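# Understanding the architecture of this molecule
Given next are the chains, with one letter for each unit.
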Amino acid sequence: VMMNIFDVEEDVNINPETGEQESSLELRPKYEDISGFIKAIYPKMDKGQEANLLEVIEELYFRFGFVNNDVDESGDVTVENGVLINNLRKKTMPQLSNLIDLMQQFVYDGTYPNLSDVVDSLQPYRNNKTRGMFDTQTPKSFKNLQDVPVITFDISSIESSDLKTLSMYVLLNWVWE
């Protein structure tokens, strides 16, 4: 079981003036997290490729309905027979294969041809490929762990040091979220 490096959670703060809870979603740090993950896979990335990668990541989140400072939910609250029905649900999170597909599209259409090598280096990390363990959705059961006193992560069965490094990167990012 692996966590999705693309998972984002909204921040909940108390407005000091009103005392009400306010949710916000800051995406820029997540863009940097994902960029760092990709740079761990492709360490030869230059500054131009990194800048273009960040733009692709931002576009990917936009296509999945995420906008900076917009809470991470979709749906409506409706009233049926005098009962409040909350239809809010978590938005679907992007996955690594979605990023690879979008980068590939931008390489082929000439928008970011310098990302060709980055796309090639990410291919083994697609779902159902040799290193596809990072191309996944986080299990729903992992979303409600805030009340659990201790969480243990065991990566001892991962033999490749490269995969262990990437696994630790994903786990640490998930813990911080």
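Just above sits the structure.
Counting from 1, residues in each chain are numbered in the order their sequence is written. Side-chain atom pairs in this predicted model are given and counted only at pLDDT of 80 or more, local residue features only at pLDDT of at least 70, and totals for whole chains, interfaces and linings cover all residues. Only hydrogens and water are removed before side-chain values are computed, so all heavy atoms of the structure are retained for them.

### Re the overall build of the chain
For clarity, the threshold we go by: Secondary structure elements follow DSSP: runs of H or I no shorter than four residues count as helices, runs of E no shorter than two count as strands, and numbering proceeds from the N terminus. Relative accessibility under 20% of the residue-type maximum defines a buried residue, over 50% an exposed one, and the middle range a partly exposed one, all with a 1.4 Å probe and only protein chains included. Residue contacts are defined here by distance: any two heavy atoms, one from each residue, within 4.5 Å place the two residues in contact. Exposure was quantified through the Shrake-Rupley algorithm and a 1.4 Å probe, taking into account, for residues, occlusion by the shown protein chains and nothing else.
What the chain contains, in helices and strands, is five helices and six strands. In sequence order, the secondary structure elements of the chain are arranged as β-β-α-α-β-β-β-β-α-α-α. Residues counted as buried form 37% of the 177 residues belonging to the chain. For the chain, contacts bridging at least 24 residues in sequence account for 62% of all contacts bridging at least 6. For the chain, the accessible surface area stands at approximately 10700 Å², while carbon and sulfur atoms represent 49% of it.

### Here's the deal with the side chain of Lys30
Keep this limit in mind: Counted as a polar contact is a pair of N or O atoms within 3.5 Å, where, for protein atoms, one must be capable of donating a hydrogen and the other of accepting one, and residues adjacent in sequence contribute only when both atoms are in side chains.
Inspection of the secondary structure assignment puts Lys30 in helix α1 (residues 28-41). Polar side-chain contacts of Lys30 include one of 3.1 Å to the backbone oxygen of Ile5.

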